[in-house]
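Working through the structure, step by step
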Amino acid sequence: LCDQKHPVVLESITFPEPVISVAIEAKSAADQDKMVAALERLQQEDPSCRVRVDNETGQMLLSGMGELHCEILVDRLLREYKVKANVGKPQVSYRESITTSGEGFGLFEREVAGEMQFGEVRVGIEPKSSEGGVTFDSKAVSGLAQDLLKAVRSGIIETADVGMLAGYPLMGVAVNLLSVKTRDKDSTEMAMKVAASQAFREALKVVRSQLLEPVFKLEIFTPDECTGAVIGDLNARRGKVHSMSPKPGGQVIQAEAPLASLFGYATDIRSLSQGRASFSMEFLQYSPVPAKVEAEILNRLGR
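So, the packing of aromatic side chains
Across all of its chains, the model carries 4 aromatic pairs by this definition. Where tyrosine 265 meets phenylalanine 279, the ring centres are 5.0 Å apart and the plane angle is 70°; that geometry is what we call edge-to-face. Residue tyrosine 265 is located in helix 6 (residues 265–272), and its partner phenylalanine 279 is located in strand 13 (residues 278–288); the two are separated by 14 residues in the primary sequence. The class of tyrosine 265 is buried, set by a relative accessible area of 1%. Note on phenylalanine 279: relative accessible area 15%, which makes it buried.

Focus: the environment of glycine 132
Counting through the fold element by element, glycine 132 comes out in the loop between strand 7 (115–127) and strand 8 (134–137). Take glycine 132: its relative accessible area is 24%, and that puts it in the partly exposed class. With residues up to four places along the chain from it excluded, the contact list for glycine 132 reads Met171 and Gly172.

Topic: the nonpolar core
Counting 28 residues, the largest nonpolar core has Val121, Ile125, Val175 and Phe200 as its most contacted members. Counting only elements with at least two residues in this core, the list comes to strand 7, strand 8, helix 3 (146–159), strand 9 (173–181) and helix 4 (189–206). The greatest single-element share of this core, amounting to 8 residues, is contributed by helix 4. What valine 175 contacts, discounting residues up to four positions off in sequence, is Val123, Gly124, Ile125, Val134, Thr135, Phe136, Asp137, Ile156 and Phe200. In terms of nonpolar packing, the next biggest core, distinct from the first, is built from 16 residues, Leu39, Cys49, Cys70 and Leu77 among them.

Describing the sheet that holds strand 8
The strand order 6-7-9-8 describes an open sheet built from 4 strands, whose pairing is mixed. Only two strands of the sheet have a single neighbouring strand rather than two, namely strand 6 (102–112) and strand 8. Across the sheet, the mean angle separating the axes of adjacent strands is 25° when strand polarity is ignored. As paired strands, strand 6 and strand 7 are joined by 11 bridges and run antiparallel to one another. Across the sheet, residue valine 112 finds its bridge partner in strand 7, namely glutamate 115. Strand contacts of helix 4: strand 6, strand 7 and strand 9, with the helix running at about 145° to strand 6, the strand carrying the most contacts.

Let's talk about the packing of helix 3 against helix 4
With their axes 7 Å apart at the nearest point, helix 3 and helix 4 run at an angle of 40° to one another. Classed by the angle they form, the pair helix 3 and helix 4 counts as oblique. In the packing of helix 3 onto helix 4, the handedness of the crossing is right-handed. Between helix 3 and helix 4, the contacting residues are Asp147, Leu148, Ala151, Val152, Ser154, Gly155, Ile156, Glu158 and Thr159 on the first element and Glu189, Met192, Lys193, Ala196, Ser197, Phe200 and Arg201 on the second. Broken down by class, the residue content of the contact of helix 3 with helix 4 amounts to 7 nonpolar, 4 polar and 5 charged.

Thresholds, definitions, all that
- Residues numbered from 1 in each chain as written.
- Predicted model: local features only at pLDDT ≥ 70, side-chain atom pairs only at ≥ 80, totals over all residues.
- Heavy atoms only, no water.
- Phe/Tyr/Trp six-rings, centres within 6.5 Å; stacked < 30°, edge-to-face > 60°.
- Helix = DSSP H or I, 4+ residues; strand = E, 2+ residues; numbered from the N terminus.
- Buried < 20%, exposed > 50% of the residue type's maximum accessible area, 1.4 Å probe, protein only.
- Contact = heavy atoms within 4.5 Å.
- Core = buried A, V, L, I, M, F, W, Y, C linked by side-chain atoms within 4.5 Å.
- Pairing = 2+ DSSP bridges.
- Axes fitted to C-alpha atoms, helices over the stretch in contact; angles between N-to-C directions.
- Parallel < 35°, antiparallel > 145°, perpendicular 65-115°, else oblique.
- Left-handed = near helix turned anticlockwise from the far one by under 90°.
- Nonpolar A, V, L, I, M, F, W, Y, C, P; charged D, E, K, R; others polar.

In structure tokens:
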């Protein structure tokens, strides 16, 4: 019916991207396989339903077109497919960075399996553009065997997966290898890797760390009479309005807001506009969390 050669051409069906997600997990190992099969069946029946696993939080996320849609999907999962599952909100995947420079020293000297292991590493760290991850520079050290240098780098990069503030991955950190001491036969890859990891952790202790949060770009269409309410709601969510442009029937607002404040936004914006406003969102960047909010997050995590 959608073929161009058909005498009556009907518009193709397009399914928009989901706007909200909930975290879902099976209550027992026995329910896990049943839940996965049920979620696959739901996706086949409802193209606007999406399921994915967040690689960073490890959560299984069930996404839909709104909170009511997600509630219905969860209800079907529990009632029709008899799956016992826990349902909650997805976690925000934060990042950590640093704002000052510092140095750290690591020494590993121990007997392992009857053989002596030795490694000594000193590193310096400094902040850089948060758009990148962790970079490693070894120009200050020459003559180190490539396998040992690779072990030092590996120790630092692996350690960067867990920050000092709340255990989130680090980004925006430049690591410089300042010095290395080795001993013939005693300096193994394992010893150098552990020493590098220790040096990096020590350097993190002397610098100031900060929490970064994912910020999303928003494009909102709202009727003229609801513009004030929508902007006020954005301000309450720590959002920033960049521009407004008129469009027949209303205004198009270009803004940005942290992901942590956007849960439930699809429902809230419909309430503010009697169901007439709409929006789209996409990831923009990671930005520093305000000090007050950072303290609340760390307190909630017990840090």
